[in-house]
Amino acid sequence: MMEGYPWYYQRAIDMDLRGIKPILGPTGQGKSSSIPIVVSNNPDRKFIYMVNRKELLEEMAARFNPGECVILRRDLEVVQSVLLTQFDAFEAILADTRFVQYLKQARQTSKLKSLETPAIRRASEMVREMTVEKRLLPPWLSEQADKQARIVLQAFYWVLKVTRDEKEQGSVYTWLVNHPVVETLFPAIPFRRRPEVRILLMTLQKAYYGFYDGAQMRSLTDLSADERLVIFLDEFDFLEHDLVKVICRAP
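Residues numbered from 1 in each chain as written. Predicted model: local features only at pLDDT ≥ 70, side-chain atom pairs only at ≥ 80, totals over all residues. Heavy atoms only, no water.

## As for the overall build of the chain
Applied cut-off: Only DSSP runs of H or I covering at least 4 residues are called helices, and only runs of E covering at least 2 are called strands; the numbering of each starts at the N terminus. A radius of gyration in this sense is built from C-alpha atoms; the matching globule rule multiplies 2.2 Å by the number of residues raised to 0.38. Think of it in three bands: with a 1.4 Å probe and only protein chains considered, a residue is buried below 20% of the maximum accessible area for its type, exposed above 50%, and partly exposed in between. We call two residues in contact whenever any of their non-hydrogen atoms come within 4.5 Å of each other. Residue-level accessible areas treat just the shown protein chains as cover; the underlying method is Shrake-Rupley with a 1.4 Å probe. The positive count covers Lys and Arg only, the negative count covers Asp and Glu only, and His and the chain ends enter neither. The location of each charge is read from NZ of Lys, CZ of Arg, CG of Asp or CD of Glu.
Across its full length, the chain carries 13 helices and six strands. The C-alpha radius of gyration of the chain comes to 19 Å, within 12% of the 18 Å expected for a compact globule of 251 residues. Buried positions account for 47% of the 251 residues belonging to the chain. Within the chain, contacts between residues separated by at least 24 positions form 71% of all contacts whose residues are at least 6 apart in sequence. When the accessible surface of the chain is totalled, it reaches about 14100 Å², and 53% of it is carbon and sulfur. Between the centroid of the 35 positive side chains of the chain and the centroid of its 33 negative side chains there is a distance of 4 Å.

This is the structure we're talking about:
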C-alpha cells in the first residue's frame, strides 16, 4: 500500500481533480522523489514535470529508466546533440529525395527562403563551428548560434507539417517521426506517440513559448485541454515568479 506523497498524489489522480492542487511540505520529504512511483503506477496516463531550473530536469531524468522520459531542451542544445552524435544520419535525411521534395513544397507553402538544403547545411555547419569546443559563448555569439539552430529546426518542422495527414499514416511522415534524428530534434514527438515514454521534462520557459509534438505547437495555454495529462509544477513559488517575468517580456 502506498504511503506519504505517492498516496497523496494518487488520491488526487483517482478523484479526477482538475486545476492546481498544492502539495505542501518541507524540502527533503519526498515530494519530487515520489513522482516516478506515481508514474509507474499509472500506465494509462502521461505526465509532464515542469521546473524553472535545468539542473532539476537532469535530477528527475536520473530517477527513470532509459526510454521512460525525455527532456525538452532548448533549440540550440537539441541541434548540437544531433550534429555531435547523429551527423551522418542527419546528412542522409538532407540528401534523401523524399525530404528534398517536401522541403520544396514546404518552401512554397511557408514562403520562407531559408527552407533550402544549402541554407540548412550552412546553418548546421555554423552551429558546429561556434559550439564545437562546448565553451561558454558570449551573448552575441550565443544569439547567432540560436538563430542558426532555429533555421535547422524550422526546416524539419515545415517538412513534418506538409507531410502529415489527419490520420498520420503517410509514408514520408511516418519515416520522419520515427527517425532518431527527428525524435532528438523534437522530444515531444516520442512523448506523444510512444507509450513507453511516460513523462516529459521541461522548463517553464519552454512550456510558455511552446514546443512541437509532431501534430501541433503546444504550450501552457492548451496543455490542460488533455484530460488524461498530469502536470507536476515543482517549486511552484519560483515558477509563479518566473511566469510573471516571461509574460511581461512577451509581445
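Now that the structure has been shown, we can carry on.
## Points about unusual backbone geometry
In this model, Lys111 sits at a positive phi of 65°, which is unusual for a non-glycine residue. As for its placement among the helices and strands, Lys111 is situated in the loop between helix H6 (97-110) and helix H7 (117-131). Notably, Glu168 is not glycine yet its phi reads approximately 55°, a positive angle. Position of Glu168 relative to the elements: it lies in the loop between helix H8 (139-163) and helix H9 (171-177).

## Concerning a nonpolar patch on the surface
Rule in force here: Residues enter patches when they are more than 30% accessible in relative terms and free of salt bridges; like-charged ones are connected within 9 Å and nonpolar ones (Val, Leu, Ile, Met, Phe, Trp, Tyr) within 5 Å. By salt bridge we mean one thing: a side-chain nitrogen of Lys or Arg within 4 Å of a carboxyl oxygen of Asp or Glu.
On the surface, a cluster of nonpolar side chains totalling about 330 Å² of accessible area is made up of Ile20, Ile231, Leu233 and Phe236. Here Ile20 lies in the loop between helix H1 (4-14) and helix H2 (35-40). Classification of Ile20 as exposed rests on a relative accessible area of 61%.

## Here's the deal with helix H13 (residues 236-249)
Going by this rule: Expected span, for any helix, means 1.5 Å times one less than how many residues it has.
The end-to-end C-alpha separation of H13 is 20 Å, in line with the 20 Å expected for 14 residues at 1.5 Å each. As for H13, its buried residues are in contact with strand E1 (46-51), helix H12 (204-209) and strand E6 (229-233).

## Here's the deal with the nonpolar core
Stated formally: Put simply, buried Ala, Val, Leu, Ile, Met, Phe, Trp, Tyr and Cys residues joined by side-chain atoms within 4.5 Å make one nonpolar core.
Of all hydrophobic cores here, the largest spans 41 residues; its most connected members are Val79, Phe90, Phe99, Phe156, Leu160, Leu176 and Phe186. It is H8 that provides the largest number of residues to this core, a total of 13 residues. Not counting the four nearest positions on each side in its chain, Val79 is found in contact with Val127, Ala149, Val152, Leu153 and Leu185. Formed by 20 residues, the second largest nonpolar core is a distinct cluster that contains Tyr5, Phe64, Cys69 and Leu201.

## Here's the deal with the pairing of strand E2 (residues 69-72)
Rules: DSSP-based pairing: two strands are paired if at least 2 bridges between them are found.
Both faces of E2 are covered, namely the face carrying Cys69 and Ile71 and the face carrying Val70 and Leu72. Pairing of E2 with strand E3 (residues 199-203), which is carried by four bridges, proceeds in the parallel orientation. Across the sheet, Val70 pairs through a bridge with Leu200, a residue of E3.

## Points about the environment of Thr117
In this structure, Thr117 sits in helix H7. Sequence-distant contacts of Thr117, that is, excluding residues within four places in its chain, are made with Leu94, Val100 and Leu103.

## Let's talk about the packing of aromatic side chains
Any aromatic ring pair is given by two values, namely how distant the centres are and how the planes are angled relative to each other. Our working definition: Any two rings among Phe, Tyr and Trp, with Trp reduced to its six-membered ring, count as a pair given centres within 6.5 Å; such a pair is stacked if its planes are under 30 degrees apart, edge-to-face if over 60, and tilted if neither.
Under the counting rule described, the total for this entry stands at nine aromatic pairs. Both rings, one in Tyr157 and one in Tyr212, keep their centres 4.8 Å apart while their planes meet at 85°; by these two values the pair is edge-to-face. Residue Tyr157 is located in helix H8, and its partner Tyr212 is located in strand E4 (residues 211-212); the two are separated by 55 residues in the primary sequence. When sorted by exposure, Tyr157 lands in the same class as Tyr212, which is buried. Through a chain of ring-to-ring contacts, three or more aromatic side chains come together here, namely Tyr5, Tyr9, Phe47 and Phe232.

## Quick notes on the pattern of salt bridges
Pairs may arise between side chains of opposite charge once their charged atoms sit close together. Taken as a whole, this structure holds 19 salt bridges when the rule is applied. Between Lys54 and Glu77 there is a salt bridge; the shortest N-O distance is 3.2 Å. Here Glu77 lies in helix H4 (residues 75-85) and Lys54 lies in helix H3 (residues 54-61), a separation of 23 residues in the sequence. Given the relative accessible area of 23%, Glu77 is considered partly exposed.

## Details of the side chain of Asp96
Convention followed: For the purposes of these results, a polar contact is taken to be a pair of N or O atoms within 3.5 Å, where, inside protein, one atom must be able to donate a hydrogen and its partner to accept one; residues adjacent in sequence count only when each atom of the pair is a side-chain atom.
By secondary structure assignment, the location of Asp96 is in the loop between helix H5 (87-95) and H6. Accessibility expressed as a relative area gives 18% for Asp96, which makes it buried. Within the structure, Asp96 has its side chain in polar contact with the backbone nitrogen of Arg98 (distance 2.8 Å).

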